[in-house]
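Read off the chains here:
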Amino acid sequence: MIKIIDGKKISAEIKEEIKVEIDKLIKGGKRAPGLAVVIVGENPASKVYVNSKVKTCSALGIYSEKYSLGSEIKEGELLKLIEELNNKEEIDGILVQLPLPKHIDEKKVIEAIKPNKDVDGFHPINLGKLVIGKNEFEPCTPYGIMELLKRYKINLAGKDIVIVGRSNIVGKPLALMLTNESATVTLCHSKTKDLSQKTLNADIVIMAIGREKFLTEDMVKEGSIVIDVGINRNKLGKLCGDVDFENVSKKTSLITPVPGGIGPMTIAMLMKNTVKSRMKKI
């Protein structure tokens, strides 16, 4: 029997906890947390993500503002909007949906957000805090992975963990967070030699490269745990991950599905970061 790590179920539990916290805040005469979401351009996937975030805010009682900007907007105009949101009292978190149009410097935009409103966890100051183990606002996808592992009572100390994918959004921050929990982490990428040998020796394999069914049954050991961060569409247009779920799941002790694994957790942790930012002001 396949043992699933159910991100949908855990994210629902987290959202319920958040709602209780917000209700308590409002009943105590305090204002609700506030999140500003900025989207630039007409990327269909980005639109879906942003609408989902705004909808979740509404369901939990988080005040939200959505800014839909044309793809032709100048970098300076976007930076000016971020500065306004930085100074807006009722806004506790600012999220600029990535990717941005090519003429806008993503790094400059991320760095323009005040670290204490950086609920996406991408600001260099917040990433720097991960290095020294003083977590402030963790990037939402790695944060969601860590929360899932915690709630499934998986002891990370001494575990050999292989992460495939070294992005600033998932791989690198996740490696730091796992290291802070005393795991032994190997961060792999396109230039890694003997990748299958590394994944075969891992207690936990985390896939985050965006390549359909890349991790196959012969690349994992019996009883390992597999976390699939990838979201791809196959030739039939069906969502699938970086893991050949059907075959890999025969060998794993726990595995995340796609969809229903990491995806729901990312939005839940964004909400958690927004509430955390609000609570720091009380």
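Residues numbered from 1 in each chain as written. Predicted model: local features only at pLDDT ≥ 70, side-chain atom pairs only at ≥ 80, totals over all residues. Heavy atoms only, no water.

### Overview of the nonpolar core
Quick note on the threshold: By convention a nonpolar core is built from buried Ala, Val, Leu, Ile, Met, Phe, Trp, Tyr and Cys residues, the set being connected through side-chain atoms within 4.5 Å. Note on exposure labels: buried denotes an accessible area under 20% of the residue type's maximum, exposed denotes more than 50%, and partly exposed covers the range between, all computed with a 1.4 Å probe on protein chains only. The contact rule is simple, with two residues in contact once any of their heavy atoms fall within 4.5 Å.
With 46 residues, the main nonpolar core has L156, L178, I206, I227 and M271 as its most contacted residues. The residues contacting L178, other than those within four sequence positions of it, are M146, L149, L156, I161, I163, A183, V185 and I206. Listed in part, the 19 residues of the second largest apolar core include I82, V96, I104 and F122.

### A few points about the layout of surface pockets
We apply this condition: Definitions used throughout: a 1 Å grid over protein atoms alone; a cavity as a set of points that fits a 1.4 Å probe which cannot get out; a pocket as an open set with protein on both sides within 12 Å along at least five of seven lines; a lining residue as one with an atom within 4 Å of a point. Grid points are joined across faces, edges and corners, and a volume is the space filled by probe spheres set on the points. Here a helix means four or more residues in a row that DSSP labels H or I, a strand means two or more in a row labelled E, and each is numbered from the N terminus. By the convention adopted, Pro, Cys, Tyr, Trp, Phe, Met, Ile, Leu, Val and Ala count as nonpolar, Lys, Arg, Asp and Glu as charged, and the other residues, Gly among them, as polar.
Taken as a whole, the largest pocket encloses approximately 1300 Å³ of empty space. Contributions of two or more residues to the lining of the largest pocket are made by helix 2 (44-60), helix 6 (140-151) and helix 10 (263-279). Here the lining of the largest pocket is built from residues that sort into 23 nonpolar, 13 polar and six charged.

### Focus: the pattern of salt bridges
We apply this condition: Between Lys or Arg on one side and Asp or Glu on the other, a salt bridge is scored when a side-chain nitrogen of the former is within 4 Å of a carboxyl oxygen of the latter.
Applying the stated criterion across every chain yields a total of 14 salt bridges. Note that R151 and E147 form a salt bridge whose closest N and O atoms lie 2.8 Å from each other. Here the residue R151 and the residue E147 both occupy positions in helix 6, the gap between them amounting to four residues, near one helical turn. Residue class for E147 comes out buried when judged on its relative accessible area of 8%. For the salt bridge of D203 with K221, the shortest nitrogen-to-oxygen distance reads 2.9 Å. Here the residue D203 occupies a position in the loop between helix 8 (195-200) and strand 6 (204-207), and K221 occupies one in the loop between strand 6 and strand 7 (225-228), the gap between them amounting to 18 residues.

### Re the sheet that holds strand 1 (residues 34-40)
Here is the rule: A pair of strands is considered paired only if DSSP assigns at least 2 bridges between the two. For helices, the fitted axis covers only the stretch in contact; all axes are lines through C-alpha atoms, and the angles between them, taken along N-to-C directions, range from 0 to 180 degrees.
Pairing in this open sheet of three strands is parallel, and the strands run 2-1-3 from one edge to the other. A strand with exactly one partner marks an edge of an open sheet, and here the two such strands are strand 2 (63-69) and strand 3 (93-96). Averaged over all pairs of adjacent strands, the angle between strand axes in this sheet comes to 15°, irrespective of strand direction. In this structure, strand 1 lies alongside strand 3, joined through four bridges in parallel fashion. Bridge assignment links V38 to a residue of strand 3, and that residue is V96.

### A few points about the side chain of S277
Applicable threshold: The definition of a polar contact used here is a pair of N or O atoms within 3.5 Å, where within protein one atom must be able to donate a hydrogen and the other to accept one, and adjacent residues in sequence count solely through side-chain atom pairs.
Its place among the elements puts S277 in helix 10. Reaching out from S277, the side chain makes a polar contact with the backbone oxygen of D92 at a distance of 2.7 Å. Ignoring any residue separated from it by four or fewer positions in sequence, one finds S277 in contact with D92, N116, V119 and F137.

### Thoughts on helix 10
An α-helical segment advances 3.6 residues per turn. Residues three or four places apart therefore align on the same side. We count it as follows: Take the number of residues in a helix, subtract one, and multiply by 1.5 Å to get its expected span.
Taking 1.5 Å of rise per residue, the 17 residues of helix 10 would be expected to cover 24 Å, and the 25 Å separating its terminal C-alpha atoms lies within 8% of that figure. Among the residues making up helix 10, those that are buried are M265, I267, A268, M269, L270, M271, N273, T274, V275, S277 and R278. Of the surrounding elements, those touching the buried residues of helix 10 are helix 1 (7-27), strand 1, helix 2, strand 3 and helix 6.

### Observations regarding empty space enclosed by the protein
This model, assessed by the stated rule, comprises one cavity of 30 Å³ or more. Space inside the largest cavity adds up to approximately 60 Å³. Lining the largest cavity are I94, L95, V96, L98, I110, I113, D118, D120 and F122. Among the elements that take part in the lining of the largest cavity, strand 3 stands out by supplying three residues, more than any other. Partitioning the lining of the largest cavity into residue classes produces seven nonpolar, no polar and two charged.

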